[in-house]
There are 2 protein chains.
Amino acid sequence: MATHRSDPESDGCELTKVARFDRLDSGVRDALEAICRTHRYRAGQTVARSGETLDTIGCVRSGFLRMQKRLADGRQHVVGLLVEGDMFGRVFDGALHFAIEAATEAEVCTFRRAPFEELLVRMPDLERMVLLNILNELDRARDWMIILSCPRVSGRIAGFLLVLCSRFAGIDHLFRAGRRGPEVRIPISRADLAHLLGTRPESISRGFHALAEAGYIEILRPDRIGIRDLTALAAEAGDDDLALGAGLVGGPRRTV
Amino acid sequence: MATHRSDPESDGCELTKVARFDRLDSGVRDALEAICRTHRYRAGQTVARSGETLDTIGCVRSGFLRMQKRLADGRQHVVGLLVEGDMFGRVFDGALHFAIEAATEAEVCTFRRAPFEELLVRMPDLERMVLLNILNELDRARDWMIILSCPRVSGRIAGFLLVLCSRFAGIDHLFRAGRRGPEVRIPISRADLAHLLGTRPESISRGFHALAEAGYIEILRPDRIGIRDLTALAAEAGDDDLALGAGLVGGPRRTV
DNA sequence: AAACGCACTTGACCCGGGTCATTGTGGACG
DNA sequence: CGTCCACAATGACCCGGGTCAAGTGCGTTT
């Protein structure tokens, strides 16, 4: 990691615990462990700046990172979230086109770039995994474009909730079955959500309350939403096949 | 290619003419040529349907393809354009998540999938190229999200024009230096443009004329736009560094 | 040359949401 | 226990653009 990164603590790293790596054979994994370090970030800390050329490849172990681009007019747009298991950084080349920040407390493990790329060349399995990872990311970006294309803010929120549901299922501090249906935790503020969905905090607020009034969701707390009608949400998002469920935030859609 | 594809004519293929392949050594290229066929499509023809599992990897030789997703509510959203040199289809796995149609007359060459993947495994250079291609696509998708995030339609149009300019520079039937500045050809209809930019044809029209009234562009013909003030366009699009210029429609941003 | 079709343009109307301002609300801290 | 502060919610206002409906221009047909 570049040194300007307000140096979070750092220590070793057990890759076996990261789902995405458990298919690799242990030789590859051992080689990875050797060039891996773990870093911790507090919410709001910068992980990488736009334009920066990272000397590492990163992998999120816990928490959320957001990728965002600051625009000339001051607008700031989030182009994606990174959650547990997601990788970032550029293999073989180049500068980032967006900044990466911790959206919540987060653990990130990093591989030094040169040895990582060497490994890539020597270990086709690993290169294959990286390639599939990137394909996944591409799919998520496209799904995200579909969500953003929704003309009404409430539709975009609905799409986002669907994504959260499918992504968080199984992670019990983010997704639980309440007595009246599933509940998701929104891990980011209204302001971040607004950036994410291309709108303003006020409209996010209005959107949530519109969905609540329609009976599709229940606002248990600002950051805790009860899902009451999944199908209606999908319709609101304009999603025909709940395909968004696999969208935006991580989750391998295919395996090696 | 799957057989339902209203069979365009097809013949051999000279890969050396496709810019993206000219860095590969001739051995790899010969191997590719052996599994390559060229197909021609008329504007509007379907190249691949959403959900279909292509048995080929494709590469655009001329013209435009558009990737689009039809939504439950009838809306239809374009998630990207493919131009000369761009590749599509999925290596190693999976169904397409969107349909691919010819936006204009187009030539496409295809590689049968199984032998292509075999080549990938045997030829690291090729796999590297494919990986970089996908990374490029990802960047373009993110840039496109930035354009789509622009709240005003005129800003989105401005962003689109920037992309066209940078992408078309050098292709003289699409981009020429007129006496009062560069001129780009818009290769698709207002209706398509509306789908692309997440709006309606009427607003596209109004947007163009707003930019024209501001003096940023001149509408020589509906499909032929004179660029008068590149900087103002960039500002309108909210782009701080003209980064969009390398966006959406193809164009390797990095090389092997 | 007249008629037709298609794509683009223009106008009128109205709703969603951006914007600004104000008012809750809950947690941290003295 | 009260103060402070950040965030969320709500209200008022107005502009952009979605929508529906004509109108225009150009190429093609007969």
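On a predicted model such as this, the values are computed, not experimentally measured, just so you know.

Colleague: Lay out the pairing of strand E4 (residues 56–62) of chain A with the relevant residues and their values.
Modeller: All names here are of chain A. Burial analysis of E4 places six of its seven residues in the buried class, which makes it a mostly covered element. Taken together, the six bridges between E4 and strand E9 (residues 106–112) define a ladder with antiparallel strand orientation. Note on E9: the bridge partner recorded for Thr56 is Arg112. Inspection of the sheet shows E4 paired to strand E7 (residues 87–88) by two bridges, in the antiparallel sense.

Colleague: Describe the interface of chain A and chain B, with residues and values.
Modeller: Taken together, the 44 residues of chain A in the interface contact 44 residues of chain B. Three residues stand out in chain A for area buried against chain B, namely Leu131, Arg142 and Met145 of chain A, and they jointly supply 16% of the buried area on that side. Run the count over chain A and chain B and you get six salt bridges. The closest approach of N and O atoms between Glu127 of chain A and Arg128 of chain B, which form a salt bridge, is 3.7 Å. Taken together, the connections running from chain A to chain B amount to four residue pairs in polar contact (both at pLDDT 80 or more). Elements supplying a minimum of two residues to the side of chain A that touches chain B: strand E5 (65–70), strand E6 (76–82) and helix H3 (124–148) of chain A. Considering each element in turn, the side of chain A that touches chain B owes the most residues, 17 residues, to H3 of chain A. A class-by-class count of the residues in the side of chain A that touches chain B yields 24 nonpolar, four polar and 16 charged.

Colleague: Can you lay out the sheet that holds strand E8 (residues 99–102) of chain B for me, pointing to particular residues and giving the numbers?
Modeller: Residue and element names in this part refer to chain B. Strands sit in the order E3-E8-E5-E6 across an open sheet of four strands; the sheet is antiparallel. Two strands close off the open sheet at either side, each with one partner strand: strand E3 (46–48) and strand E6 (76–82). Going from strand to strand, the sheet's axes swing by 35 degrees on average, the running direction of each strand aside.

Colleague: A description of the sheet that holds strand E12 (residues 217–221) of chain B should follow, citing residues and the corresponding values.
Modeller: All names here are of chain B. Taken in spatial order, the four strands line up as E10-E11-E13-E12 in an open sheet, and their pairing is antiparallel. Looking at strand neighbours, the two that pair on one side only are strand E10 (175–178) and E12, the edges of this open sheet. The mean inter-strand angle of the sheet, taken between neighbouring strand axes irrespective of direction, is 30 degrees. By the bridge criterion, four bridges tie E10 to strand E11 (residues 181–185) in an arrangement that is antiparallel.

What counts, and at which threshold
- Residues numbered from 1 in each chain as written.
- Chains lettered and ligands numbered in written order.
- Predicted model: local features only at pLDDT ≥ 70, side-chain atom pairs only at ≥ 80, totals over all residues.
- Heavy atoms only, no water.
- Buried < 20%, exposed > 50% of the residue type's maximum accessible area, 1.4 Å probe, protein only.
- Helix = DSSP H or I, 4+ residues; strand = E, 2+ residues; numbered from the N terminus.
- Pairing = 2+ DSSP bridges.
- Contact = heavy atoms within 4.5 Å.
- Buried area = accessible area lost by both parts, 1.4 Å probe.
- Salt bridge = Lys/Arg side-chain N within 4 Å of Asp/Glu carboxyl O.
- Polar contact = N/O pair within 3.5 Å; in protein donor to acceptor, adjacent residues only side chain to side chain.
- Nonpolar A, V, L, I, M, F, W, Y, C, P; charged D, E, K, R; others polar.
- Axes fitted to C-alpha atoms, helices over the stretch in contact; angles between N-to-C directions.

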